[in-house]
Amino acid sequence: MTSEPTAAPRPAVRTWAVEDLPALDFDPLLLELLHEEPVARIRLPFDADHEAWLVTRYDDVRAVTSDPRFSRTALLERQVTGMTGHMVASKAALNYADPPYHTQLRKAVTKAFTGQSTKRLRPLAQATADRLLDAMERSGRPADLMEHLHGPLPMAVVCDLLGVPDEDRAELASWPDLILSSGPGPEGSRAAKAQIHGYVGELLERRLAEPSDDLGGVLAESLADGRVDRDEAVSLAMAILISGAHAVRNNSANMVYLLLTRPDLTDRLRTEPELLPQAVDELLRWIPHRNGVGLPRIALEDVEVGGVVIRAGEAVYASYLAANRDPAVFTDPHTVDFDRTGVGHVSFGHGPHHCMGAMLTRMESEVMVSTLLARYPELRLAVRPEEVPFQSKGLIRGPKELLVTW
């Protein structure tokens with residue numbers, strides 16, 4: 001008869017303030033926990049009375065995020081210490097769904113996220129990048145890449161994906177920032193979500209009357225067939241609009257900031273442009289693209305992770321950022337290595353909640369980086385690297401302004 005494994009003592013709780021960090025500095029607490037306490041107890045800035053676990057090792061992160069004994073749906077019935085004082089996603093959203101319901105929701109939109117769809121959108125993204133950079137040149141030097149490229153291009157691509165008409169796009173531009181921030185508070189976030197909810201609902205009504213092949217049309221078709229209800233369809237479209245516009249904007253700008261502060265990396269890409277897809281993937285692994293952690297999961301039963309028992313009803317966060325720096329998996333994990341091959345990073349998540357827009361994100365980043373490098377042989381920061389202002393209190397990290405000259 002085998003005996004049950006003896007779990008380690010429960011660790012003391014760490015308070016994690018998740019303060020703004022300079023530029024692309026990695027969170028020192030995450031590194032400390034990864035090396036010294038890979039299954040830790042934490043308190044985040046909000047609801048500090050409701051503690052949670054945090055896992056940081058690559059294997060543990062993958063285990064927690066793919067194990068059905070850890071539930072996102074159960075979050076709706078729990079208070080958990082968190083990054084914000086408000087719920088970022090709708091309760092009807094994919095973020096709070098577990099299989100098989102989660103699988104059903106994803107099926108309603110997967111048709112719009114195929115390789116063929118990305119291939120269709122790439123020339124549109126390239127044409128948009130060229131048009132935006134033409135306008136940037138007319139405005140003169142120095143120019144802010146956040147204003148002229150990294151902000152408008154991801155919004156244009158996600159609007160192309162959804163089928164949002166040109167005349168409506170300016171109205172949508174500021175809403176994702178208000179929602180994906182820990183700063184403005186619940187009132188501003190709720191107001192922005194209500195506006196997007198109303199707009200997306202109207203868009204789906206139009207698509208029901210005039211079917212199309214874009215994501216709005218795919219969602220309208222799923223709605224008409226009864227595969228999703230109206231709240232689910234609107235929530236899916238909102239999630240794609242918000243995360244697609246906001247996350248890609250910031251992470252692509254982080255890539256360009258890093259390249260402009262590392263001329264060795266830039267020179268390599270200029271001389272070996274065929275490396276670009278592999279380089280973008282390595283930048284996705286290395287860049288700490290968010291502050292803190294995303295949504296946790298709730299243990300549905302006692303589960304042992306890394307020698308520690310997480311009890312039924314307890315919350316557990318998984319840090320993809322820390323997992324991407326795990327030295328047990330990645331050789332010299334803190335080095336940007338464009339020749340890196342082997343095990344894949346988890347920047348797009350893992351398990352059922354792996355990001356549907358991964359191919360689209362890679363494509364947009366490739367278009368922006370390659371176009372800038374090819375078009376501007378003398379592209380450089382117009383200020384010292386330490387003078388580039390980064391956003392404050394954002395859930396996603398990125399430059400607030402990226403002034404360049406050429």
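Residues numbered from 1 in each chain as written. Predicted model: local features only at pLDDT ≥ 70, side-chain atom pairs only at ≥ 80, totals over all residues. Heavy atoms only, no water.

**Q** Explanation requested: the side chain of Asp 326 in the structure shown.
**A** With respect to the helices, strands and loops of the structure, Asp 326 is situated in the loop between helix 14 (320-323) and helix 15 (358-375). Once residues lying within four places of it in the same chain are set aside, the contact partners of Asp 326 are Leu 34, Arg 57, Tyr 58 and Pro 333. (Helix = DSSP H or I, 4+ residues; strand = E, 2+ residues; numbered from the N terminus. Contact = heavy atoms within 4.5 Å.)

**Q** Help me understand the packing of aromatic side chains, please; the structure alone is not making it clear to me.
**A** Both the distance between ring centres and the angle between the ring planes are used here to describe each pair of aromatic rings. Applying the stated criterion across every chain, the model contains three aromatic pairs. Between Tyr 58 and Phe 330, the ring centres sit 5.7 Å apart and the planes meet at 85°, which makes this aromatic pair edge-to-face. In this pair, Tyr 58 is assigned in helix 2 (residues 58-66) and Phe 330 in the loop between helix 14 and helix 15, connecting sequence segments 272 residues apart. Classification of Tyr 58 as buried rests on a relative accessible area of 5%. For Phe 330, a relative accessible area of 3% corresponds to the buried category. (Phe/Tyr/Trp six-rings, centres within 6.5 Å; stacked < 30°, edge-to-face > 60°. Buried < 20%, exposed > 50% of the residue type's maximum accessible area, 1.4 Å probe, protein only.)

**Q** Teacher, can you tell me more about the pattern of salt bridges here?
**A** Side chains that differ in sign of charge can pair as their charged atoms come close. Evaluation of the coordinates by the stated rule reveals 24 salt bridges. The salt bridge partner of Arg 14 is Glu 37, with a shortest N-O separation of 3.1 Å. You can see Arg 14 sitting in strand 1 (residues 13-15) and its partner Glu 37 sitting in the loop between helix 1 (28-36) and strand 2 (39-43), a full 23 residues away along the chain. Arg 14 sits in the partly exposed class, given a relative accessible area of 23%. By relative accessible area, which is 16% here, Glu 37 ends up buried. Across the pair Asp 339 and Arg 268 runs a salt bridge, and its minimum N-O distance is 2.9 Å. Of this pair, Asp 339 sits in the loop between helix 14 and helix 15 while Arg 268 is found in helix 12 (residues 263-271), placing the two residues 71 residues apart along the sequence. When its relative accessible area of 44% is taken as the criterion, Asp 339 is described as partly exposed. Relative accessible area serves as the criterion here: at 25%, Arg 268 is assigned to the partly exposed category. Taken together, the shared-partner salt bridges in this structure form one network comprising Lys 111, Glu 221, Asp 225 and Arg 227. (Salt bridge = Lys/Arg side-chain N within 4 Å of Asp/Glu carboxyl O.)

**Q** What should I look at first to understand helix 6 (residues 152-162) in this one?
**A** Given 3.6 residues per helical turn, the α-helix brings residues three or four places apart onto the same face. By the criterion of burial, helix 6 is predominantly enclosed, with ten of the eleven residues buried. When we look at burial in helix 6, the residues that qualify are Leu 153, Pro 154, Met 155, Ala 156, Val 157, Val 158, Cys 159, Asp 160, Leu 161 and Leu 162. Immediately beyond the C-terminal end of helix 6, within one or two residues, lies Gly 163, with a positive phi of roughly 85°.

**Q** Is there a simple way to explain the packing of helix 11 (residues 230-261) against helix 13 (residues 276-286) in this structure?
**A** One can describe the packing of helix 11 onto helix 13 by two numbers: an axis separation of 10 Å at closest approach and a directional angle of 105°. Overall, the two elements helix 11 and helix 13 adopt an arrangement that is roughly perpendicular. Where helix 11 approaches helix 13, its residues Asn 251, Met 255 and Leu 258 are matched on the opposing element by Val 280, Leu 283, Leu 284 and Trp 286. A breakdown of the residues in the contact of helix 11 with helix 13 according to their chemical character gives six nonpolar, one polar and no charged. (Axes fitted to C-alpha atoms, helices over the stretch in contact; angles between N-to-C directions. Parallel < 35°, antiparallel > 145°, perpendicular 65-115°, else oblique. Nonpolar A, V, L, I, M, F, W, Y, C, P; charged D, E, K, R; others polar.)

**Q** I keep staring at the sheet that holds strand 5 (residues 143-144) and nothing clicks. Help me out?
**A** Backbone hydrogen bonds hold the strands of a sheet together, and the pairing may be parallel or antiparallel. In spatial order, the strands read 5-11-10; together these three strands make up an open sheet with antiparallel pairing. Each end of this open sheet is capped by a strand with a single partner; those strands are strand 5 and strand 10 (380-381). As judged from the two bridges shared by strand 10 and strand 11 (residues 403-405), these two strands associate in the antiparallel manner. Among the inter-strand pairings, Arg 380 is bridged to a residue of strand 11, identified as Thr 405. (Pairing = 2+ DSSP bridges.)

**Q** Explain helix 12 here, please?
**A** For helix 12, the set of buried residues is Leu 265, Thr 266 and Leu 269. One side of helix 12 holds all its buried residues, which, seen down the axis, span an arc of 100°. Summarising the geometry of helix 12, the exposed residues directed more than 90 degrees from the buried face are Pro 263 and Thr 271. Elements that come into contact with the buried residues of helix 12 comprise helix 11, helix 13 and helix 15. (Arc of directions from axis to C-beta.)

**Q** Please explain the pairing of strand 9 (residues 315-318) as it appears in this structure.
**A** Every other side chain in a regular strand lies on the same face of the sheet, so the side chains alternate between the two faces. Burial of strand 9 is two-sided: the residues Ala 315 and Tyr 317 facing one way and the residues Val 316 and Ala 318 facing the other way are all buried. In the sheet, strand 3 (residues 52-55) pairs with strand 9 via three bridges, with the strands oriented parallel. Bridged to Val 55 within strand 9 is Ala 318. Judged from the two bridges that link them, strand 6 (residues 297-299) and strand 9 form a sheet pairing that is antiparallel.

**Q** I tried to follow unusual backbone geometry on my own but got confused; where do I start?
**A** Leaving glycine out, the prevailing phi sign among residues is negative, and the prevailing peptide bond configuration is trans. The amide bond that connects Pro 99 to the next residue, Pro 100, takes the cis arrangement and shows omega of 5°. You can see Pro 100 is positioned in the loop between strand 4 (70-71) and helix 3 (101-107). Positive phi, close to 50°, is recorded for Val 18, a residue that is not glycine. Within the fold, Val 18 resides in the loop between strand 1 and helix 1. Its identity as a non-glycine residue notwithstanding, Lys 393 has a phi of 60°, on the positive side. Counting through the fold element by element, Lys 393 comes out in the loop between strand 10 and strand 11. Judged by relative accessible area, which is 42%, Lys 393 ranks as partly exposed.

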